[in-house]
Amino acid sequence: MASMASRSFLFALIYSLLVAGSAFASDSAWNGHTPPGSTEISTFTPYYVAPGTKSYDSSSPLIHYTGQWSQSRTGSYIHGSVHTTLDHQATATFTFTGTGIEWFGTQGRHFGRADVYINGELVQTIDNKRDYEITRKGQRVFWHFGLAAGKHVLKIRNAAITFDSQSPNLIDIAAFVVTRSVHRTQDFNTGSPAQNVPSTEKPFLNLMAASSAPSWRLVQKGSTGVAAMQIAVVSDTHVIVVDKVEHNLVDINGHPAWAALYNMDSHGVKPLTMKSNSFCAGGAFLRNGKLINVGGNPVVEDRTAPADFGDENGLQAIRVFDPCDSESADGCDMSEDHSRMRMASPRWYNTVLRISDGSAMIIGGSKKGGWINNATTNNPSYEYWPPKSIHKSNGMPIHSPFLLETLNSNLFPIAFSLPDGTIFLAANNDAMIYDWTTNKERRLPSFPNGVRVTYPMTGTALLLPLSPENNYTPEVLICGGSTIDDHRASYDISSQEPASAQCSRMVLSDEGISNGWQIEQMPEARLMPDAILLPTGQVLIVNGAGSGVSGYGNTKDQVGSSNADRPVLTPVLYDPTAQAGNRFTSEGMPTNIMIAGSNPNLDRSEVQYGTEYRVEWLSPPYMDAPRPALHSVPKKIGFGKQIKVKVDFVKLVVLLPVLALMDLGYVTHAVHANSRLVNLVVQLEGDELVITGPPNGKIYPPGPAFLYVLEDGIPSSGKKIMVGDGKDPEVDHEAWNNVLKNTSAH
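Residues numbered from 1 in each chain as written. Predicted model: local features only at pLDDT ≥ 70, side-chain atom pairs only at ≥ 80, totals over all residues. Heavy atoms only, no water.

Turning our eyes to something else, we now look at the confidence of the model for the protein chain. For the protein chain, per-residue confidence averages 86 on the pLDDT scale, and 85% of positions sit at 70 or higher. With pLDDT under 50 throughout, residues 184–214 is counted as low confidence; its partners more than four residues away or in other chains account for 93 contacts. (pLDDT = per-residue confidence, 0-100. Contact = heavy atoms within 4.5 Å.)

The structure is reproduced here in C-alpha cells:
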C-alpha cells in the first residue's frame, strides 16, 4: 500500500488527559496523585500488571505442562518461580478468560524459539535468543490483544531446530498476564523484535447514515505501541510518537519504550531510545529540519512512582530527532546529551514554538509536578533554543509578566508566530501579542463569558490560513475549554461539570482587535478538543470530553482515574470563509485523519478510560476518486524564490490551482502551536506549476513543510519540502556556554 502520507494530505494527531512532575534535590518532586503502591521502589521491566489485568505465575494450576520442565524458585523471578525446558517436545497450555494475553520470560544467548498457538491456531514463532552480556529476566516475549471476550487456550511449544547440546533451545515461563477488560481491545499483536505489527482492519463505520450527504468512513487499523501523548509527522512514511515513561506495549533495551516511529504503510512500530522522561514535554521542528523534544519529568530520589522512571532527569532535557526520510527508518533515533544540551530552567507542560528565525521559543510551564499550576511551581518565563543573548539574558530565562498574572490554569500556553514576527499568546482567560525582539507585551481583550482555554481547562486553537490576497492578515480561532473557577480545590470539582462550546475568533489587526472577540458556538461542548487545519483551509474539530477537566486522579466522580467524562465522538467541520451561523457542519468532511492516543492514568490501564493504543483513520469518499498529483518537487524552496513542479491534473483544462504550504505541527494536549497553512503565489505553465516561496520567515518560519496542490478544492497528497536554506539556526556560543556554566545536568 502506498504511504498514508503520500496518499492523504494531513494527519491529525490526538492526545489527551495527562499531568507530570518535576523536582529539585531539596524538595519533593511530585505534588500529584499517587495511588496506593505507586510510591514503592521497583525495577522498571516490561512485567507489569495493569488495572483490568490479572497475573498468573508459572506454578499456577491453570497451566498444564507436558514433557520435561524444571521449576526454579528464587526472588529474582516474577512471583519467585520460573518453569524452564530444553525438551524439544515440551509444551505448556494455559486456559484463560479475557481479551488479551502476555507471556513473560527470559531472553539471552542460551534461549531460543517457541511456537505460540491461540485456540489451536499458530499465531507466531518467537525467538528469545539475544546477544546480551547479561541474561534479561522478566521480559515480555509474546503478547496478543483484541481477542473476543471469553475463554481462550494459549499453547506454547518448544520450536528447537536442532536437538544437540551445542545448540540448546531453552525456553521459560515466568508469568502470564491476562487482559480481562471488555471496555475495549487493543489489536496490537507481536512478539518480534522488528515490531512489524499485524493489525486487523475493522469494518468501515458510516458516521452519517442518517444524512443524504456524502458519508465519512472510519477504519481502525494499527496500534502505536506506545501511548500517543505527543506526535508529529516526520516524513512521507512515518510519524514519531512520544509518551511518558510507563509500561507500554513495545520494549527496547530490556525495558518498555516511551517513544517510537509508527510506519503509516505497514503500521509497524520501531521503538526509539530515550534517556530521560519526556512526560508532558513539548516539541517543534527547527530551521534545519531537526525536531527537538523539550522538558519532561525527573528521576525522583525521595519517592518513586511509575511516572518517575527513566535513566535521566527530563526536566531540562532537550532531545533531538534528526531529519529521517528513510522508508525503513533504519538509523532513525532520538539523541540527548545533558552535559552539552539542556534548558536553563526546569519545565513541564511548556509550549515550544518555531519562530521567524527558525529557532525555538520555549514558553512557560511549571517547575514541578502536580495537577494545576500555582505561584510556587510556576515558571513565568521564556527561553530559546539555541540560547540567545537578548534583553541582557545571555541565554537565561526572560521573565513574563503575562504568565505570572494568568495563574492558575495557564499550562501549555496557546502560541502562534504571527506574520509580522510577533507572538500571539493565550493562557487561562487572557491573551496578548508579544514582541520577542523588544520584550514588549500588548494585552488583548479577555475571552468572553469567563471561558478558560489552557490546561487543565483545556481548549484548542489554530492560526487560520494566511493568504497573499489579504496581505497575510492573521486571525486566530480558539474553541472549547471550561468556565470552572481555576482557584477551586480539585476535590470540589466534578468530572460531570459541563465543558464550554464557545469558539472565540479575532482578526489580529488594529481594527480587528478593537472589534474584539467574535463568538460562535460549536454543536457540542468540548474540553480537550483538537482542531486540525486542512489544506482546503477548513478546520476539523475532533475528540474531547463533554464534562470535567484535564488530568487524572484529582476530582470528584472520577471515571476510572479520569477527571473528565462524556467523550465527544462526532467530528465537526468548520469553514472560516462561510457566513457566521453556517460555519459548522458534519457533512462531507474532506480529509483523511489519523487519530491516536488518550491515557488519563498514571501508568498503563485496561479499564475505562484506559490507555489507548489503537489508531483510527477517517476518510471521505473522494479519497478513492481521481486526485491531482505532484511530481518532481525540489527538496527546498527559498523565500521569494521560484521553483517548478510537475502536476498530473484530473481534468484536461483546469483553472489556476491553489498551492497550500503546511506545517503539520507537533501536537500534544490539544496544543497545535506550530500548525500553519500559507497559500503560495502560483502560475501555470503547461503541466508545470511555477511556485513562488513565501516572502520571508515571518510569513512561514524556516523549516520543514508539506506542499499540496488543490484542483477544484480537492487536494493532492502532500510532498515534504524544506522552506529556507535548511541551515542550522544561528548559534550564540557565548549564551550557550553561559547556560552550561550557570546550570547543572541533573
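Still more to cover.
Pairing is antiparallel across the open sheet formed by 4 strands, whose spatial order is β23-β24-β25-β26. Every interior strand has two partners, whereas the edge strands, β23 (351–354) and β26 (398–399), have only one. The sheet contact formed by strand β24 (residues 360–363) and strand β25 (residues 381–385) spans 4 bridges and is antiparallel. Following the sheet pairing, I362 is matched in β25 by E383. (Pairing = 2+ DSSP bridges. Helix = DSSP H or I, 4+ residues; strand = E, 2+ residues; numbered from the N terminus.)

A full pass over the atoms with the stated rule returns 25 salt bridges. Between R140 and D251 there is a salt bridge, and its shortest N-O distance comes to 2.8 Å. Placement of the pair is R140 in strand β8 (residues 136–158) and D251 in strand β15 (residues 251–252), with a sequence separation of 111 residues. The residues R140 and D251 share a single accessibility class, namely buried. Between K244 and E246 there is a salt bridge, with its nearest N and O atoms 3.4 Å apart. Each of the two residues, K244 as well as E246, counts as buried. One network of salt bridges, in which partners are shared, links E102, R140, D251 and R604. (Salt bridge = Lys/Arg side-chain N within 4 Å of Asp/Glu carboxyl O. Buried < 20%, exposed > 50% of the residue type's maximum accessible area, 1.4 Å probe, protein only.)

Strand order in the open sheet made by the 4 strands is β19-β20-β21-β22, with antiparallel pairing throughout. Each edge of the sheet is formed by a strand with only one pairing partner; in this case those strands are β19 (282–285) and β22 (334–335).

What follows concerns the nonpolar core. Membership of the largest hydrophobic core comes to 42 residues, with the highest contact counts inside it found for F424, I478, L689 and I691. Counting residues in each nonpolar core, the second largest holds 35 residues, with V219, V239, M264 and Y574 among its members. (Core = buried A, V, L, I, M, F, W, Y, C linked by side-chain atoms within 4.5 Å.)

Pairs of aromatic rings are described using the distance from one ring centre to the other and the angle between the two planes. For the structure on display, the rule yields 14 aromatic pairs. With a centroid separation of 4.7 Å and 40° between ring planes, the pair formed by F447 and W517 is classed as tilted. Taken together, the residues span a long stretch of sequence, with F447 in the loop between β30 (440–444) and β31 (459–463) and W517 in the loop between α3 (510–515) and β34 (518–521) at a distance of 70 residues. An aromatic cluster is defined as three or more aromatic residues linked by ring pairs; in this entry it consists of Y56, F94, F96 and F176. In this structure, R136 is placed above the aromatic ring of Y132, and the distance from its NZ or CZ to the ring centre is 3.9 Å. (Phe/Tyr/Trp six-rings, centres within 6.5 Å; stacked < 30°, edge-to-face > 60°. Lys NZ or Arg CZ within 6 Å of the ring centre and 35° of its normal.)

Across all of its chains, the model carries 2 disulfides by this definition. The disulfide partner of C324 is C332, and the S-S distance across this bridge is 1.5 Å. Among the residues examined, C332 registers a relative accessible area of 3% and is labelled buried. Linked covalently through their sulfurs, C479 and C503 form a disulfide whose S-S length is 2.1 Å. Taking the sign of the torsion about the S-S bond as the criterion, the disulfide between C479 and C503, at about 115°, is right-handed. Here C479, found in strand β32 (residues 475–480), pairs with C503, found in strand β33 (residues 502–507); they are 24 residues apart in sequence, far enough to count as distant. C503 gets classed as buried once you look at its relative accessible area, which sits at 0%. What connects to what in the protein chain, once the bonded cysteines are numbered by sequence position, is 1-2, 3-4. (Disulfide = S-S within 2.5 Å.)

Looking at the secondary structure, you find T422 in the loop between β27 (414–417) and β28 (423–427). For T422, the side chain forms a polar contact with the side chain of D420, separated by 2.6 Å. Sequence-distant contacts of T422, that is, excluding residues within four places in its chain, are made with F416, S417, I433, Y434 and D435. (Polar contact = N/O pair within 3.5 Å; in protein donor to acceptor, adjacent residues only side chain to side chain.)

The next thing to look at is the side chain of R319. Tracing the chain through its elements places R319 in strand β21 (residues 318–321). Residue classification places R319 among the buried positions, given a relative accessible area of 0%. Polar side-chain contacts of R319 include one of 3.0 Å to the side chain of S276. Polar side-chain contacts of R319 include one of 2.7 Å to the backbone oxygen of G295.

This part takes up unusual backbone geometry. The omega angle of the peptide bond from W385 to P386 is -5°, so this bond is cis rather than trans. With an omega of 5°, the peptide bond between Y455 and P456 qualifies as cis. Examined against the element boundaries, P456 turns out to sit in the loop between β30 and β31. A positive phi is found at A329, a non-glycine position, where the angle reads about 65°. Mapped onto the fold, A329 is located in the loop between β21 and β22. Positive phi outside glycine occurs at N449, with the angle close to 65°. With respect to the helices and strands, the residue N449 is situated in the loop between β30 and β31. Residue class for N449 comes out exposed when judged on its relative accessible area of 60%.

Mapped onto the secondary structure, S547 falls in strand β37 (residues 545–552). Spatially, the C-alpha atoms of S547 and P498 are 4.2 Å apart, while their sequence positions differ by 49 residues. Not counting chain neighbours up to four residues away, the residues in contact with S547 comprise S495, Q496, E497, P498, A499, L527, A564, D565 and R566. Among the polar contacts made by the side chain of S547, one reaches the main-chain carbonyl oxygen of S495 at a distance of 2.7 Å.

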